[in-house]
Amino acid sequence: MGKRQQTDIKTLFEPNKLVKVCAPMVRYSKLQFRNLVKKYDCDLVFTPMILADSFCKSAKARSNEFTTNLLDTPLVAQFAANTIHDFVGASYLISPYCDGVDLNCGCPQGWAREQELGCQMLRNPQSIYALIRECRNQICKPFSVSVKMRLLKDLKKSVEICRQLERCGASFLSVHARTPECSVGPIDKHGLRAVVESVEIPVIGNGGVGSLENCIELQECAKVAGVMVANGILANPTLFSGTNVTPMRCVQDWLDICYNSTLGVQEYEKLCGSEQLSGAPAHIMRLFRGFLNNAKHNLKNNPVQETSKQLAIEINSNVFATISFEKVDENTYDLVHTTIPEELRGRGLGHIFAERIFDHLAGNGRKIKLTCEFLQEYFVKNRVKYSGLIIEDFETRAAP
Ligand SMILES: Cc1cc2nc3c(=O)[nH]c(=O)nc-3n(C[C@H](O)[C@H](O)[C@H](O)COP(=O)(O)O)c2cc1C
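Draft legend 1. Focus on the pairing of strand S4 (residues 100-105). Buried residues dominate S4, accounting for 6 of its 6 residues. Where strand S3 (residues 75-80) and S4 come together, 4 bridges link them in parallel fashion. Bridge pairing in S4 links Val 76 to Gly 100. Crossover handedness for the path S3 to helix H4 (residues 84-94) to S4: right-handed. The sheet contact formed by S4 and strand S5 (residues 144-150) spans 6 bridges and is parallel. Bridging from a neighbouring strand, Cys 105 pairs with Met 149 of S5.

Draft legend 2. Focus on the sheet that holds strand S10 (residues 310-316). Pairing is mixed in the open sheet, where 5 strands are placed in the order S9-S10-S11-S12-S13. Strands with a single pairing partner mark the edges of an open sheet, and in this sheet they are strand S9 (305-306) and strand S13 (367-370). In this structure, S10 lies alongside strand S11 (residues 319-329), joined through 6 bridges in antiparallel fashion. Opposite Gln 310, over in S11, you have Ser 324 as the bridge partner. Of the strands in this sheet, S9, S10, S11, strand S12 (332-339) and S13 are in contact with helix H14 (residues 349-363), which crosses S10 at around 135 degrees.

Draft legend 3. Quick look at the nonpolar core. Counting residues in each nonpolar core, the largest one holds 110 residues, and the members touching the most others are Phe 79, Phe 87, Leu 103, Ile 132, Leu 165, Leu 335 and Phe 358. Among the elements that make up this core, the one with the highest residue count is H14 (7 residues). Here this core spans two domains, since at least three of its residues come from each of domain 1 (9-244) and domain 2 (303-396). With residues up to four places along the chain from it excluded, the contact list for Leu 165 reads Ile 128, Tyr 129, Ile 132, Val 147, Met 149, Ala 170 and Leu 173. Counting 13 residues, the second largest nonpolar core, distinct from the first, contains Leu 12, Ala 23, Phe 172 and Met 228.

Conventions used here
Residues numbered from 1 in each chain as written. Predicted model: local features only at pLDDT ≥ 70, side-chain atom pairs only at ≥ 80, totals over all residues. Heavy atoms only, no water. Buried < 20%, exposed > 50% of the residue type's maximum accessible area, 1.4 Å probe, protein only. Helix = DSSP H or I, 4+ residues; strand = E, 2+ residues; numbered from the N terminus. Pairing = 2+ DSSP bridges. Right-handed = clockwise from strand over helix to strand, strands pointing away. Contact = heavy atoms within 4.5 Å. Axes fitted to C-alpha atoms, helices over the stretch in contact; angles between N-to-C directions. Core = buried A, V, L, I, M, F, W, Y, C linked by side-chain atoms within 4.5 Å. Domains from an automatic or database assignment.

Here you go:
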């Protein structure tokens, strides 16, 4: 590996700029996914939460939990820790390979609470301050030291904690604007704004964002310096570049990144999904479902384009479903062959396409002959609707 370029995360927070952040996500925000979202306008990425104590103790834990490459910057490594020893030790070990560390003070899961980690630490914020202060003292700037936390029911307490964290040297804060008791539903934008207005350091807002428009709305409403997205970017890794559904290009990029990285077969299957086809959600399926729904929507709504030899509908940018035809006479087309892009076959798009084309031709007073076997099958199933459209029933044609 060449020399890693270190990024000063503070320089990302320019006035009037929105910093777009991929959230820490256990199992998901691994190197390959971080590399993917960086291709699509994401400014800052987080590792999944790593348990600091095992990271300090075990070389195996370190290689299992953390991999990186030269594209993986600006990068923040997130730890779950509740002792100075673990947090500063893990931060020190990882510091040559990332641009900052973050302390998880938001995880609401039972196991984390039992171990006094995650959001449980907000009940005793003195311990958080000690960890942040010591880490800041031990690791030189510009390396960042930050905290990801949730709002508390008592907003005054949240504001006080954030002010103290600023005093302890936190470089920035990420605030999930929901309480530990509530992981779904609307976020508290006003609470978030109160935090933003109470500190000088940048605050990244998080929660319930599903599109670039949502990011901008949150920035305008809460005056945050950045927006962090988890579920939304899992469903559509190109979210920050302004697309509302995952384009096929991104699905291909994801497969390429996973394939070209140094993954073993099992790891590749875990990331790309074949292992999970039997049950658990597979990430690739999640991405593909978004793409498929978009393709169906486009096929139903985009105009039919007609050239001298082809009828086509655009399914995705520059991806078309096509039917080639030959003219029997000015008003009669012999539909010869139907093409659906390979990656979308067997998913019901052909029937939607056939219906659109038949309706288009019927609406324009055209007649058809059917050489294409796929369209013959479609016609047989919909004979009643389209009987007036056909000039010659292929089933009664004499066999050669
Ligand atoms: C699959 C998944 C894994 C997560 N893992 C982490 C994690 O490791 N550390 C963390 O601080 N938050 C974690 N979160 C919480 C998110 O970072 C984020 O705060 C939360 O999902 C709200 O953002 P969203 O509405 O954009 O999803 C995780 C969320 C999801 C969906």
